[in-house]
Amino acid sequence: NMLLCIEYGKPFLCEKAFTITKAQAEEVFKKAKEKGIFAMEAMWSRFTPAVQKAKEWIDGGKIGQIALANYNFCFVSGADPTHRLNAPELGGGTNRDIGVYAFEILSYLVGQPLLEAKTMAARFPFGSDSTVGMLLRFEHAVASTQVSFQAVAPETAWFCGDKGSVQLLGGHKGGGAILYGPDRQEVERFLPPEENGFVHEIRHFVENVRQGRLQSDVIPHKDTLLCMELFDLCDRENPKG
C-alpha cells in the first residue's frame, strides 16, 4: 500500500508497526525520497499532550540526567492463531503490536543515542512472540521494555534521573503525566482533557505535507528504522522453535 502511494505521488501516514523488517522500511523510505513524497510512521502517542508535557519536563532538566527508564505493556490476546494480533503472516506478536509503543515512546523521552540492546522472547506454539523483554543501553541510561500478550498488568512507564522522575499515566493513550522531585514528592500533575488523541498526529502530518517536507521531526525515518532493527534483532536472538 505504501509503495502504491509513492507510485501515485500520495503522501502517507502508515500505522505502526511500519513494516515487518528494517529492509522493507528502508525500501519504502528510499523510494519515497526519490519521488519527493512525505512518508511517516503513525506513532500517535508521541504527539499526545501528556507525552509532550513529559518531554518538556525532561528536556527542561526537571529530573536531571536520565539514568534509568522502563516501559511495561501487557494484556491477554487470546490463543487464536488467525487473529491479527497473533498471526505470524500478518506481522502478529507482541513486539510489532505493542512493543513498538514501548520502545518508540521510551526512546523519544530518554532522548539519547542507543548503544546496545539485548532481547529475550517467549513464543506461542504457532510461532509469533507472546512475551518480549528488551534491555537497552543508551548513552547515559539503562532502560527496559516488557510487553506480553499472556499477562494482565497495568501499562506503566517511568523515567528516572538524578533530580527526580516522570511517570506516564495511561501509557500510550496519553492519560497524563506526573513529575516527582528528588525526595519522591509529587511536584506537578498534568491531566489533559479527554479527547480523540489521534488529532495531534493528524495535524502534524497535514502541516508537514503543506510545507513540503519529506519526513517528520517527531517520528523521523531514523527512529522507525531503529525500531525495525530491534525487531529484527529479537527475531535473530529468539528464533522460532
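Residues numbered from 1 in each chain as written. Predicted model: local features only at pLDDT ≥ 70, side-chain atom pairs only at ≥ 80, totals over all residues. Heavy atoms only, no water.

## Regarding the pairing of strand 5 (residues 129-138)
One ladder, built from nine bridges, connects strand 4 (residues 114-123) with strand 5; its direction is antiparallel. Counterpart to Ala-121 in the pairing with strand 5 is Val-132. The loop that links strand 4 with its antiparallel partner strand 5 comprises five residues; one of these, Gly-127, has a positive phi angle of about 115°. Here strand 5 pairs with strand 6 (residues 142-148) via seven bridges, running antiparallel. Counterpart to Leu-136 in the pairing with strand 6 is Ala-143. Between strand 5 and strand 6, which follow one another and run antiparallel, lie three residues. (Pairing = 2+ DSSP bridges. Helix = DSSP H or I, 4+ residues; strand = E, 2+ residues; numbered from the N terminus.)

## Some details on a nonpolar patch on the surface
Taken together, the side chains of Leu-68, Leu-135 and Val-142 define a hydrophobic patch exposed on the protein surface, amounting to about 260 Å² of accessible area. Here Val-142 lies in strand 6. (Patch = residues over 30% accessible without salt bridge, like charges linked within 9 Å, V, L, I, M, F, W, Y side chains within 5 Å. Areas by Shrake-Rupley, 256 points an atom, 1.4 Å probe, with all protein chains shown as cover. Salt bridge = Lys/Arg side-chain N within 4 Å of Asp/Glu carboxyl O.)

## Some remarks on helix 6 (residues 221-237)
Between its first and last C-alpha, helix 6 extends 24 Å over 17 residues, near the 24 Å set by a 1.5 Å rise per residue. Among all positions of helix 6, only His-221, Asp-223, Thr-224, Leu-225, Cys-227, Met-228, Leu-230, Phe-231, Asp-232, Leu-233 and Cys-234 are buried. On the buried face of helix 6, the contacting elements are helix 2 (22-35), strand 2 (39-42), helix 4 (94-110), strand 4 and strand 5. (Expected span 1.5 Å × (residues − 1). Buried < 20%, exposed > 50% of the residue type's maximum accessible area, 1.4 Å probe, protein only. Contact = heavy atoms within 4.5 Å.)

## Some points on the sheet that holds strand 7 (residues 150-161)
The eight strands are arranged 4-5-6-3-7-8-9-10 in an open sheet whose pairing can be described as mixed. Because the sheet does not close on itself, it has two edges, and the strands there are strand 4 and strand 10 (186-190). Direction aside, the axes of adjacent strands within the sheet are offset by 15° on average. As judged from the seven bridges shared by strand 3 (residues 66-76) and strand 6, these two strands associate in the parallel manner. Opposite Tyr-71, over in strand 6, you have Thr-145 as the bridge partner. Seen against the sheet, helix 4 touches strand 3, strand 4, strand 5, strand 6, strand 7 and strand 8 (165-169) and runs at an angle of roughly 20° to strand 5. (Axes fitted to C-alpha atoms, helices over the stretch in contact; angles between N-to-C directions.)

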